[in-house]
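Commentary on secondary and tertiary structure
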Amino acid sequence: MIPIAIGSDHAGCCLKKEIKEYFQDKGVQFKDYGVETRESVDYPDIALVVAESVARGENRYGILVCGTGIGMVMAANKVPGIRAALCHDIFTARAAREHNDANVLTLGERVTGAGLACEIVETWLRSSFQGGRHEKRLAKIKDIEARYCHGKCLKERE
């Protein structure tokens with residue numbers, strides 16, 4: 001099975017640890033892209049390595065944690081092929097997968113408790129893209145991405 005990428009900045013490392021423990025309890029394979037301490041790091045650096053690993057297919061999905069989840073979602077969505085979603089509840093976690101085929105989940109340690117975060121992760125992982133009417137919308141997102149890629153897409157840089 002392809003593992004799930006997980007990463008955090010210093011403001012999300014404690015919640016990331018809780019999610020990793022949840023994964024270990026459930027037997028979910030994952031690859032940790034850091035960090036483990038509260039020593040300051042720049043969230044775009046972590047978002048980039050996790051998002052690129054998902055875009056290349058090295059990891060099936062990605063989970064990113066920072067203080068609010070906002071910085072991580074913004075940075076991850078700059079990588080072609082990534083559809084990152086910031087979720088604060090079960091409903092948005094399910095909709096992100098079912099309607100938007102999100103392949104990266106972002107969470108905020110300062111706004112989401114560990115118990116709820118693990119429920120969000122579980123819901124997000126158990127949900128799947130519904131296709132149908134959502135296919136057309138997803139194609140439009142891909143068209144926007146292609147319009148602004150300008151030959152610098154991930155696959156073309158390799």
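Residues numbered from 1 in each chain as written. Predicted model: local features only at pLDDT ≥ 70, side-chain atom pairs only at ≥ 80, totals over all residues. Heavy atoms only, no water.

Time to look at the nonpolar core. In this structure, I19, F23, I63, L105, L107, V121 and W124 are the most contacted members of the largest nonpolar core, which totals 21 residues. Contributions of two or more residues to this core are made by β1 (4-8), α1 (13-26), β3 (62-66), α4 (90-98), β5 (104-108) and α5 (114-126). When residues of this core are assigned to their parent elements, the largest contribution, 5 residues, is made by α5. When residues no more than four places from it in sequence are discounted, the contact partners of L105 are G62, I63, L64, A85, C87, I120, V121 and W124. Judged by nonpolar contacts, the second largest core, of 19 residues, contains A47, V50, V54 and V73. (Core = buried A, V, L, I, M, F, W, Y, C linked by side-chain atoms within 4.5 Å. Buried < 20%, exposed > 50% of the residue type's maximum accessible area, 1.4 Å probe, protein only. Helix = DSSP H or I, 4+ residues; strand = E, 2+ residues; numbered from the N terminus. Contact = heavy atoms within 4.5 Å.)

Before going further, it helps to spend a moment on unusual backbone geometry. Along the chain, G34 connects to V35 via a cis peptide bond; the corresponding omega equals 0°. As for its placement among the helices and strands, V35 is situated in the loop between β2 (30-32) and α2 (43-55). Of note in the backbone geometry, D101 takes a positive phi value of approximately 50° without being a glycine. Position of D101 among the secondary structure elements: in the loop between α4 and β5.

To continue, consider the layout of surface pockets. The calculated volume of the largest pocket comes to roughly 360 Å³. Taken together, 15 residues make up the lining of the largest pocket; nearest its centre are N77, V79, I82, I141 and E145. Partitioning the lining of the largest pocket into residue classes produces 7 nonpolar, 3 polar and 5 charged. The computed volume of the second largest pocket comes to approximately 270 Å³. M1, I4, V28, L125 and R126 are the residues nearest the centre of the second largest pocket, which is lined by 13 residues in total. Among the elements of the structure, α1 and α5 are those that each provide at least two residues to the lining of the second largest pocket. For the lining of the second largest pocket, the element with the most residues is α5, which contributes 3 residues. Among the residues making up the lining of the second largest pocket, the classes are represented as 7 nonpolar, 2 polar and 4 charged. (1 Å grid on protein atoms, 1.4 Å probe; cavity = no way out; pocket = protein on both sides within 12 Å on 5 of 7 lines; lining within 4 Å. Points joined across faces, edges and corners; volume = space filled by probe spheres on them. Nonpolar A, V, L, I, M, F, W, Y, C, P; charged D, E, K, R; others polar.)

The quantities given are spatial measurements derived from coordinates; they are silent on function.
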